[in-house]
Amino acid sequence: MKNDNFLRALLRQPTDHTPIWIMRQAGRYLPEYNATRKKAGSFLALAKSPELACEVTLQPLERFALDAAILFSDILTIPDAMGLGLYFAEGEGPKFERTVRTEEQVRKLPLASMDELRYVFDAVSLIRKSLDGRVPLIGFSGSPFTLACYMIEGGGSDDFRQVKTMLYARPDLLHAILEKNAQSVTAYLNAQIAAGAQAVMVFDTWGGALSDAAYREFSLAYAKKVFAGVTRTAEGRTVPRIFFTKGGGLWLEAMADCGADALGLDWTVDIGAARQRVGDRMALQGNMDPNALFAPPEAIEREAKRILESFGRGPGHVFNLGHGVSQFTPPDHVGALVEAVHRHSVGASKT
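Only a predicted model underlies this, so the values are computations on that prediction, with no experimental measurement involved.

**Observations concerning the pattern of salt bridges**
Tallied over the full model, the rule gives 24 salt bridges. The partner of Asp 4 in a salt bridge is Arg 8, and the shortest N-O contact between them spans 2.8 Å. The pair Asp 4 / Arg 8 is uniform in exposure class, with both members buried. One salt bridge connects Asp 16 with Arg 8, and the closest N-O pair in it is separated by 3.9 Å. Take Asp 16: its relative accessible area is 44%, and that puts it in the partly exposed class. Via salt bridges that share partners, Asp 4, Arg 8, Asp 16 and Arg 237 belong to a single interconnected network.

**Here's the deal with helix α8 (residues 144-153)**
Extensive coverage of α8 is indicated by the burial of 10 of its 10 residues. At the C-terminal side of α8, Gly 154 shows a positive phi close to 85°.

**Digging into the sheet that holds strand β4 (residues 137-142)**
Across a sheet, strands are paired by hydrogen bonds formed along the backbone, either parallel or antiparallel in direction. Strand order in the open sheet formed by 7 strands is β1-β4-β5-β8-β9-β10-β11, and the pairing between neighbours is parallel. Pairing within the sheet leaves two strands with one partner each, and these edge strands are β1 (69-70) and β11 (317-318). In terms of strand pairing, β1 meets β4 through 2 bridges, oriented parallel. Along β4, the bridge assignment pairs Ile 70 with Ile 138.

**A word on unusual backbone geometry**
Here the bond from Gly 286 into Asn 287 is cis, since omega is 0°, no more than 30 degrees from zero. With respect to the secondary-structure elements, Asn 287 resides in the loop between β10 (283-285) and α14 (297-311). Non-glycine residue Asp 132 carries a positive phi angle of around 55°. Along the polypeptide, Asp 132 turns up in the loop between α7 (118-131) and β4. Of note in this structure, Phe 160 is not a glycine but carries a positive phi near 55°.

**Some thoughts on the state of the cysteines**
Enumeration over the complete set of coordinates arrives at 0 disulfides. Cysteine Cys 149 is unpaired, with the sulfur of Cys 258 as its nearest cysteine sulfur at 18 Å. Cys 149 gets classed as buried once you look at its relative accessible area, which sits at 1%.

**What about the pairing of β4?**
On a regular strand, each side chain points to the face opposite its neighbour's, so the side chains alternate between the two faces of the sheet. Most of β4 is tucked away, with 6 of its 6 residues classed as buried. Going residue by residue along β4, you find Leu 137, Gly 139 and Ser 141 tucked away on one face and Ile 138, Phe 140 and Gly 142 tucked away on the opposite face as well. Bridge analysis of β4 against strand β5 (residues 199-204) gives 5 bridges, and the strand direction is parallel. Bridge pairing in β5 places Ser 141 opposite Val 202.

**Quick notes on the packing of helix α9 (residues 161-169) against helix α10 (residues 171-195)**
Close contact between α9 and α10 brings their axes to 5 Å; oriented N to C, the two are set at 115°. Taken together, the axes of α9 and α10 are roughly perpendicular relative to one another. Side by side, α9 and α10 meet where Met 166, Leu 167, Tyr 168 and Ala 169 of the first sit next to Pro 171, Leu 173, Leu 174 and Ile 177 of the second. Of the residues contributing to the contact of α9 with α10, the split by class is 8 nonpolar, no polar and no charged.

**Points about the nonpolar core**
One finds Phe 6, Trp 21, Phe 243 and Leu 337 to be the most contacted residues of the largest nonpolar core, which totals 129 residues. It is α10 that provides the largest number of residues to this core, a total of 10 residues. Once residues lying within four places of it in the same chain are set aside, the contact partners of Trp 21 are Phe 6, Leu 66, Ala 68, Ile 70, Ile 138, Met 201, Phe 203, Gln 285, Val 318, Phe 319 and Asn 320.

**What about the packing of helix α4 (residues 50-63) against α7?**
In contact at an axis separation of 8 Å, α4 and α7 are set at 45° when each is read in the N-to-C sense. As summarised for this structure, α4 and α7 are arranged oblique, according to the angle between their axes. Taken as a pair, α4 and α7 cross one another with a handedness that is right-handed. Together, Pro 50, Glu 51, Ala 53, Cys 54, Thr 57, Leu 58 and Leu 61 of α4 and Tyr 119, Asp 122, Ala 123, Leu 126, Ile 127, Ser 130 and Leu 131 of α7 make up the contact between the two elements. Residue composition of the contact of α4 with α7, by class: 10 nonpolar, 2 polar and 2 charged.

Rules behind the numbers
Residues numbered from 1 in each chain as written. Predicted model: local features only at pLDDT ≥ 70, side-chain atom pairs only at ≥ 80, totals over all residues. Heavy atoms only, no water. Salt bridge = Lys/Arg side-chain N within 4 Å of Asp/Glu carboxyl O. Buried < 20%, exposed > 50% of the residue type's maximum accessible area, 1.4 Å probe, protein only. Helix = DSSP H or I, 4+ residues; strand = E, 2+ residues; numbered from the N terminus. Pairing = 2+ DSSP bridges. Disulfide = S-S within 2.5 Å. Axes fitted to C-alpha atoms, helices over the stretch in contact; angles between N-to-C directions. Parallel < 35°, antiparallel > 145°, perpendicular 65-115°, else oblique. Contact = heavy atoms within 4.5 Å. Nonpolar A, V, L, I, M, F, W, Y, C, P; charged D, E, K, R; others polar. Core = buried A, V, L, I, M, F, W, Y, C linked by side-chain atoms within 4.5 Å. Left-handed = near helix turned anticlockwise from the far one by under 90°.

As structure tokens, this is what we get:
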């Protein structure tokens, strides 16, 4: 591989510089992405075409010296493959035609069909071949709990009323959904690895909405089940795993025992303090506020340098945003961030 800094950083090995990729790096802030999406006709048509998914995955790498590519897909492919009918309402985000709320609906809920997800694995294979060793490819999934939120609510939510009602009134039903989700996520990530993904990430977008006790029981416990079942080695090398809970700063010590190699951090956590709390157990990924990218390049460089200095010297840092890049971000500001991280981190991991 021509640039394996990302994989080495996740395993806390020395790197040439602090590697950087950004969540949602193939997205609406890029005019070329918007052109490809228009050609596809819809987001789902884009995501379900291996050729077009490959095209948009590679687009940010043509603009920026990023250290990893991430599969272009959506976290809701799994519930869609369970037959819930994913669709995107204009201006409203993802929705499902069918929800999972009653005892009968939970009982009848199937595991996600890997055959229905073949388009994802075909995209992984095509992207990996197209990268030709340039940088590693990240596969991903939503966490069992985050997927359950969408499946129960029928879409996004401000208060997660339906999910939390089930959690407190019928925890047995939520556990049953989470068990099926955990099995599906594990199979899904393993199939991505078999198709060529060289690292995998689990996005627990909504875990931070839970109470302390509920997070440990309904989110973290099922993330542990996933990581316990995910393939550890492929192609003669370790496949690193990343776990990201948005709003998860309260639970870093507990998250460090989840079986992942790295924890993703949102922007509410000081990365130096997080490193002290986690110690040498795992790498850290993050964690600049995505809105900092609206500032001038000199301010972006200043903030990037601050985060690098907060982490300090030594291995184990993958630079990223604390959440996905905004669609309104000027592309050249992303370029300024990538350049600044590389310039200010040369040699930092070696001591």
